[in-house]
Amino acid sequence: MIGGGAADIPALEAFVLWGTAGTILTGITAALWRLARAAAHTARRADQFMDDWYGEPERPGVPPRPGLMERVGAIESRLERVEHELHPDDGGSLRDAVDEANRMLAWLCPDRRPPAAG
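The structure presented is a predicted model; accordingly, all values stated were derived computationally and were not measured.

## Points about the overall build of the protein
Point 1. The helix and strand inventory of the protein stands at three helices and zero strands.
Point 2. Counting helices and strands in the order they occur from the N terminus, the protein gives α-α-α.
Point 3. Looking at the protein as a whole, 3% of its 118 residues qualify as buried.
Point 4. Taking as baseline every contact in the protein between residues at least 6 positions apart, the subset at least 24 positions apart corresponds to 0%.
Point 5. For the protein, the exposed surface amounts to about 10,700 Å²; the carbon and sulfur share of it is 65%.

Structure representation (structure tokens):
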């Protein structure tokens, strides 16, 4: 084998071939595993989002969770009640109470001027 190289050894060629194939298969398997994990994570997040969107019914030991639209409706109801308090009406709103307190304060302290703006 004078002048021959490592490529002339059949066992070494087979070892390199199988090693290369094993490395490629391991890399493909690892990539597929990562993709499968990412897909499972995305599916879990989508499932959680759908549970939050639609809500969950009551089950033993766990109270029901309202869906997003029910929660938004409750927020709108609260906002309407708060907005009612910000506008004057027949004397029942917070704005009316503040205005009345200001009138009484102005009556009690006629020489007091409001602070200058700016």
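## What to know about the confidence of the model for the protein
Point 1. For the protein, per-residue confidence averages 87 on the pLDDT scale, and 89% of positions sit at 70 or higher.
Point 2. Mean pLDDT across the elements of the protein ranges from a minimum in helix α3 (residues 94-108), with 87, to a maximum in helix α1 (residues 10-54), with 95.

## Focus on the packing of aromatic side chains
Point 1. Considering all chains together, one arrives at one aromatic pair under this definition.
Point 2. Arranged with centres 5.9 Å apart and planes meeting at 35°, the rings of F49 and W53 form a pair that is tilted. Of this pair, F49 and W53 both sit in helix α1, four residues apart, roughly one helical turn.
Point 3. Exposure remark for W53: the relative accessible area of 34% places this residue in the partly exposed category.

## Observations concerning the side chain of D96
Point 1. With respect to the secondary-structure elements, D96 resides in helix α3.
Point 2. It is R103 that comes nearest to the buried, bridge-free D96 among opposite-charge side chains, at 6.4 Å.
Point 3. Reaching out from D96, the side chain makes a polar contact with the backbone nitrogen of D89 at a distance of 2.9 Å.
Point 4. In this structure, D96 is in contact with P88, D89, D90 and G91, ignoring residues within four places of it in sequence.

## As for the pattern of salt bridges
Point 1. For the structure on display, the rule yields four salt bridges.
Point 2. The salt bridge partner of R65 is D52, with a shortest N-O separation of 2.4 Å. Taken as a pair, R65 in the loop between α1 and α2 (68-86) and D52 in helix α1 lie far apart in primary sequence, 13 residues in all.
Point 3. With a relative accessible area of 39%, R65 lands in the partly exposed category.
Point 4. For the salt bridge of R103 with E100, the shortest nitrogen-to-oxygen distance reads 2.9 Å. With R103 and E100 both in helix α3, this residue pair falls three residues apart, about one helical turn.
Point 5. Residue class for E100 comes out partly exposed when judged on its relative accessible area of 36%.

So, how was this worked out
- Residues numbered from 1 in each chain as written.
- Predicted model: local features only at pLDDT ≥ 70, side-chain atom pairs only at ≥ 80, totals over all residues.
- Heavy atoms only, no water.
- Helix = DSSP H or I, 4+ residues; strand = E, 2+ residues; numbered from the N terminus.
- Buried < 20%, exposed > 50% of the residue type's maximum accessible area, 1.4 Å probe, protein only.
- Contact = heavy atoms within 4.5 Å.
- Areas by Shrake-Rupley, 256 points an atom, 1.4 Å probe, with all protein chains shown as cover.
- pLDDT = per-residue confidence, 0-100.
- Phe/Tyr/Trp six-rings, centres within 6.5 Å; stacked < 30°, edge-to-face > 60°.
- Lys, Arg positive; Asp, Glu negative; His and termini not counted.
- Salt bridge = Lys/Arg side-chain N within 4 Å of Asp/Glu carboxyl O.
- Polar contact = N/O pair within 3.5 Å; in protein donor to acceptor, adjacent residues only side chain to side chain.

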